[in-house]
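# Topology and contacts: notes
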There are 2 protein chains.
Amino acid sequence: MKKKISKAVISRLPRYYRYLSDLMEENVDRISSNDLAKRMKVTASQIRQDLNNFGGFGQQGYGYNVGHLHAEIGKLLGIHTHINVVIIGAGHLGQALANYQNFEKRGFIIRALFDVDPAVIGKKIRNSEVYSLKDLEKYLSSHPVDIATLTLPKERAAEVVPRLLACGIRAIWNFAHIDLPVGDDVLVENVHLSESLMQLSYRMLADKEEKERLAGKTGD
Amino acid sequence: MKKKISKAVISRLPRYYRYLSDLMEENVDRISSNDLAKRMKVTASQIRQDLNNFGGFGQQGYGYNVGHLHAEIGKLLGIHTHINVVIIGAGHLGQALANYQNFEKRGFIIRALFDVDPAVIGKKIRNSEVYSLKDLEKYLSSHPVDIATLTLPKERAAEVVPRLLACGIRAIWNFAHIDLPVGDDVLVENVHLSESLMQLSYRMLADKEEKERLAGKTGD
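Just so we're clear, the structure is a prediction, and the values are computed from it rather than from any experiment.

This part takes up the side chain of Asn84(B). Residue and element names in this part refer to chain B. Mapping Asn84 onto the fold places it in strand 4 (residues 83–88). One polar contact links Asn84 to Arg111, side chain to side chain, over a distance of 2.6 Å. Of the polar contacts made by the side chain of Asn84, one reaches the backbone oxygen of Pro144; its length is 3.4 Å. Among all residues touching Asn84, those that are not within four sequence positions of it are Ile109, Arg111, Pro144, Val145, Asp146 and Ile147.

And the structure:
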């Protein structure tokens, strides 16, 4: 039974999960909210508040049981249930994602890739085959798929989305540089790489100007 | 001269830039805040407020000059100045990024890749060579580099960061699953792919439970 949890808390869960995974690798069995806070560079009270949303897994004076907390947050994140993923667009990025072993560790199984390029159709990327995009409907009608990943040019992404929706796909991991034309009943998580890089360069420039301004002042 | 602009506005600039690029491709010369708002699915007043931060490029009753606004936001984002980027980690993801032509269109030039794997050292990825990670300091001492991209396992990322900082790198585009141990004087933009995927699966599960809850209620 999950109660309504704020988006800010949800967005922090994967980070908790990552730190707890690290602690498990280090064979740490339990940790206080203070020690966890120090590692994560947040306040202990934020940790306690966040984890209270889930009934609170800690005990006064004992701290958190790392393995238990890891498993519980994993469950909340849908890890350890297998989540079936397809990748539409088997170019460099699509292939890189299919080759990424960390997804599998977290329960995300890349089942198939799709492309229009005869040069890649039929190829095997790690454990997954690249199918012709023509066969998308045929594949989706006979295989359970939870998430469709879009790693294809924006024009093609716009074309393929209605086809995915018609096949019942309701979750899209979108790398195409486009805001997808979907309704509220479809979950979309965007990864816009160029935009992330542009934010970095914006901050670089702003920093530089600020420094020049300060240097100018000092020179007065 | 740039005044202090909120992080929320900055985070929206790349999206404005993308829509304006699309308009230019469609040969649209000017657009009203209302029409732009409709396309971007935001309110016209938000658009006017956001763009007012930059002196406001619009004119009453005329709308925005698309080319001018595109150029101005591009300047703010540091596009059209060449920004020199290196990629540390020439695995699948690093190579995919080096192969991505869109970065170049936005002024980000991938100058070189670095890796420890003899199988990739010396290879050419699009226009960039893969160097041995041993030669990082040598390369950085003789080439201007603005941004270092980290596409390598987290243990190696933690090792390489102090070396980058010692060479004067102050902006890092981080794909490694680790919060980098850097001070406030270093700009970091994180792209944590697994965490993005986990947020999607969390929302999927929450949605499913909500639907089951509602279905249960109706059944009463």
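Okay, the sheet that holds strand 9 (residues 171–174) of chain B next. The pairing of strands in a sheet happens through backbone hydrogen bonds and is either parallel or antiparallel. All names here are of chain B. Sheet architecture is open: seven strands sit in the order 6-7-5-4-8-9-10, paired in mixed fashion. The outermost strands of the open sheet, each flanked by one partner alone, are strand 6 (124–125) and strand 10 (187–190). Pairing of strand 9 with strand 10 involves four bridges; the strand directions are parallel. Within strand 10, the position partnered with Ala171 by the bridge is Leu187. Contacts between helix 8 (residues 154–166) and the sheet are confined to strand 4, strand 8 (147–150) and strand 9, with strand 8 contributing the most and set at about 170 degrees to the helix.

To find leftover empty space, a probe the size of one water molecule is rolled over the atoms. All names here are of chain B. Inspection of the entire model under this criterion finds one cavity of 30 Å³ or more. Put simply, the largest cavity is a space of about 40 Å³. Lining the largest cavity, in full, are Ala98, Glu104, Ile110, Ile125, Arg126, Asn127 and Ser128. When the residues that make up the lining of the largest cavity are grouped by side-chain class, the tally is three nonpolar, two polar and two charged.

Turning next to the packing of aromatic side chains. How two aromatic rings sit relative to each other is set out by the distance from centre to centre and by the angle between their planes. Residue and element names in this part refer to chain A. A full pass over the atoms with the stated rule returns 12 aromatic pairs over all chains. Consider the rings of Phe114 and Tyr139, whose centres lie 5.4 Å apart with planes at 80 degrees: the pair is edge-to-face. A residue pair is termed long-range when its members are at least 10 positions apart, and Phe114 in strand 5 (residues 108–115) and Tyr139 in helix 7 (residues 136–142) qualify at 25 residues. On the basis of relative accessible area, Phe114 is assigned to the buried category, the value being 0%. The exposure class of Tyr139 is buried, given its relative accessible area of 8%. Aromatic ring contacts, followed pair by pair, group Tyr100, Phe103, Trp173 and Phe175 into a single cluster.

Moving on, we come to the relation of the copies chain B and chain A. Here chain B sits on chain A after a turn of 180 degrees about the axis and a move of 0.0 Å along it, with an RMSD of 0.0 Å. As the rotation angle and translation indicate, the two copies are arranged about a two-fold axis. Comparing interface residues between copies, 100% of those in chain B also lie at the interface in chain A; the contact surface is shared.

A few words now on the domain arrangement of chain A. The domain architecture assigned to chain A consists of domain 1 (7–76) and domain 2 (83–195). Averaged C-alpha coordinates put domain 1 of chain A and domain 2 of chain A at centres separated by 32 Å.

With that settled, consider the interface of chain B and chain A. Each partner contributes to the interface: chain B provides 60 residues, whereas chain A provides 60 residues. Contact between chain B and chain A buries roughly 5,900 Å² in total, counting both sides, with carbon and sulfur atoms accounting for 63%. When the buried area of chain B at its contact with chain A is split by residue, Leu197(B), Met198(B) and Tyr202(B) rank highest and sum to 13% of it. The shortest N-O distance in the salt bridge between Arg203(A) and Glu189(B) comes to 3.1 Å.

Calculation rules
- Residues numbered from 1 in each chain as written.
- Chains lettered and ligands numbered in written order.
- Predicted model: local features only at pLDDT ≥ 70, side-chain atom pairs only at ≥ 80, totals over all residues.
- Heavy atoms only, no water.
- Helix = DSSP H or I, 4+ residues; strand = E, 2+ residues; numbered from the N terminus.
- Polar contact = N/O pair within 3.5 Å; in protein donor to acceptor, adjacent residues only side chain to side chain.
- Contact = heavy atoms within 4.5 Å.
- Pairing = 2+ DSSP bridges.
- Axes fitted to C-alpha atoms, helices over the stretch in contact; angles between N-to-C directions.
- 1 Å grid on protein atoms, 1.4 Å probe; cavity = no way out; pocket = protein on both sides within 12 Å on 5 of 7 lines; lining within 4 Å.
- Points joined across faces, edges and corners; volume = space filled by probe spheres on them.
- Nonpolar A, V, L, I, M, F, W, Y, C, P; charged D, E, K, R; others polar.
- Phe/Tyr/Trp six-rings, centres within 6.5 Å; stacked < 30°, edge-to-face > 60°.
- Buried < 20%, exposed > 50% of the residue type's maximum accessible area, 1.4 Å probe, protein only.
- Least-squares fit on C-alpha atoms with pLDDT ≥ 70 in both.
- Domains from an automatic or database assignment.
- Buried area = accessible area lost by both parts, 1.4 Å probe.
- Salt bridge = Lys/Arg side-chain N within 4 Å of Asp/Glu carboxyl O.

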